[in-house]
Amino acid sequence: MNDIFEGLPFKPADILLPRDCDLSLWSVVACDQYTSRPEYWQRVEDRVGRAPSALRLILPESCLEGPSVETDIMEVNNTMSRYLREGRFQDYPDALFYVERTLDSGKVRRGLVGMADLEQYDYEPGAASAIRATEGTVMARIPPRVAVRKNAPIELPHAMLLADDPGKTLIEPLAAQTGEMELLYDFDLMERGGHVKGWKLTRAQVEHVARTLQAMKVQSDGERGGLLLAVGDGNHSLATAKACYERRKGLTDPGQWPGLPSRYALCELVNLHDDSLEFEPIHRVAFGVKPEELLDALMHHYPSATQGRGKGHVLSFVINRWSQGEVTVGEPSAQLPVGTLQNFLDDYIAAHPRARVDYIHGADEARQLAEEREDAIAFLLPAMGKEELFPTVIHDGVLPRKTFSMGEAHDKRFYLEARKIRK
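No experiment lies behind these values; they were computed from the predicted model shown. (Residues numbered from 1 in each chain as written. Predicted model: local features only at pLDDT ≥ 70, side-chain atom pairs only at ≥ 80, totals over all residues. Heavy atoms only, no water.)

> What is the right way to read helix α2 (residues 38-48) from this model?
What sets the pattern is the α-helix's 3.6 residues per turn: residues three or four places apart point alike. Of all the residues in α2, the buried ones are Y40, W41, V44 and V48. Here the buried residues of α2 occupy an arc of 90° about the axis, which is enough to place them on one side. Exposed and oriented more than 90 degrees from the buried face of α2 are P38 and D46. Contacts made by the buried residues of α2 are with α1 (23-26). (Buried < 20%, exposed > 50% of the residue type's maximum accessible area, 1.4 Å probe, protein only. Helix = DSSP H or I, 4+ residues; strand = E, 2+ residues; numbered from the N terminus. Arc of directions from axis to C-beta. Contact = heavy atoms within 4.5 Å.)

What follows is the structure, encoded as structure tokens:
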């Protein structure tokens, strides 16, 4: 069946699902969430107890720098192998799953679970691959993740890819066809995770996905330099998978590369224009600065900058409850106002060691922080429109870090499906 996906970066996979267990205890949130809240993971630990769970197959990132990390990784890999020996998983070969996730807000996010071809993914800025990162990859975050994955027999995905499908031609039509599918799971997720349902697509529905993706690929090749899918969440997870694949290639005869299980990574594909996806801006607050001097430096950094609102990138600022305003940078080189601001802040912070920048969710909180301190200035950024995501990735390579937030922590993907990545 994969022949109809020839050349596509997303395709069906041999997907594993847990069986003979309580799925509400099996499924836990992505490991990169709640890194500063160990009490969250302790609650999950207490709730799961001795039950079979994905919690035993992942290492929360809050533990990556712990004193027993090497032992923890070995235990994860051993549990993966034990679950495989015990027949803990049911195999669905060459499959695509349709997923409906009812979020805590009541909105429904629809997606497809399949695998991404890592040969067609590149996180480097300016890449010409079909799958690209949306934000810069922090290389220091890769080695600890490689240590977890490199000897693992299976993977559990939390990466989310985004398709730019404003006409809703790919995923949304499947919502009315679930009666033709095999229902795979239907249960509540823990810790405000909402509810999740999943179905296995029929052959005809898989063919629909292939045809639609092929048509989107033709369009992307002609209009977008080949960009078909963008990474919405889990870019460092995909970058880790890519690193492990490249390592495996170095140990394998090139003629065997196409058949390496590590060439692919399980993920969920979601429409960028899904009504449940909301892009929220992440504001900047600079501390340890003299606000007026920083604004003067901003004006000198961009000779086209003017006080007040004008034509160009408008940067709104708050110094205290009595002082706020706007600076407009005309003819900006960056695609988004956040890029214009971040380029300046990076240079300014590098030249002023006592200064630092924090990234704040919520305009009220950012404004309050600036009002409480004499050495702070807040920049309140506009929300990025969904239609700006793909053009910005094409134009700027990647978005500036912390450009937008896509959902709260409890809305992130929960682990459920798995896939073998070693023969």
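> Please explain the pattern of salt bridges as it appears in this structure.
Two side chains that carry opposite charge are able to pair once their charged atoms sit near each other. As enumerated under the stated definition, the model contains 26 salt bridges in all. Among the ionic pairs, R419 bridges to E155, the shortest N-O distance being 2.9 Å. Of this pair, R419 sits in strand β21 (residues 419-420) while E155 sits in strand β8 (residues 154-155), and the two are 264 residues apart along the sequence. Here R419 falls in the buried class, since its relative accessible area comes to 5%. A relative accessible area of 6% places E155 in the buried class. Ionic contacts of the salt-bridge type, sharing partners, join the residues E119, K242, E246 and K249 into one network. (Salt bridge = Lys/Arg side-chain N within 4 Å of Asp/Glu carboxyl O.)

> Got a minute to help me understand unusual backbone geometry in this structure?
Excluding glycine, most residues fall at negative phi; most peptide bonds, likewise, are trans. Located in the positive-phi region is D94, a residue other than glycine, with phi close to 50°. Tracing the chain through its elements places D94 in strand β3 (residues 89-95). One non-glycine residue, K168, lies in positive phi territory at about 55°. One can find K168 in the loop between β9 (160-163) and β10 (182-189). Its relative accessible area of 29% is what places K168 among the partly exposed residues.

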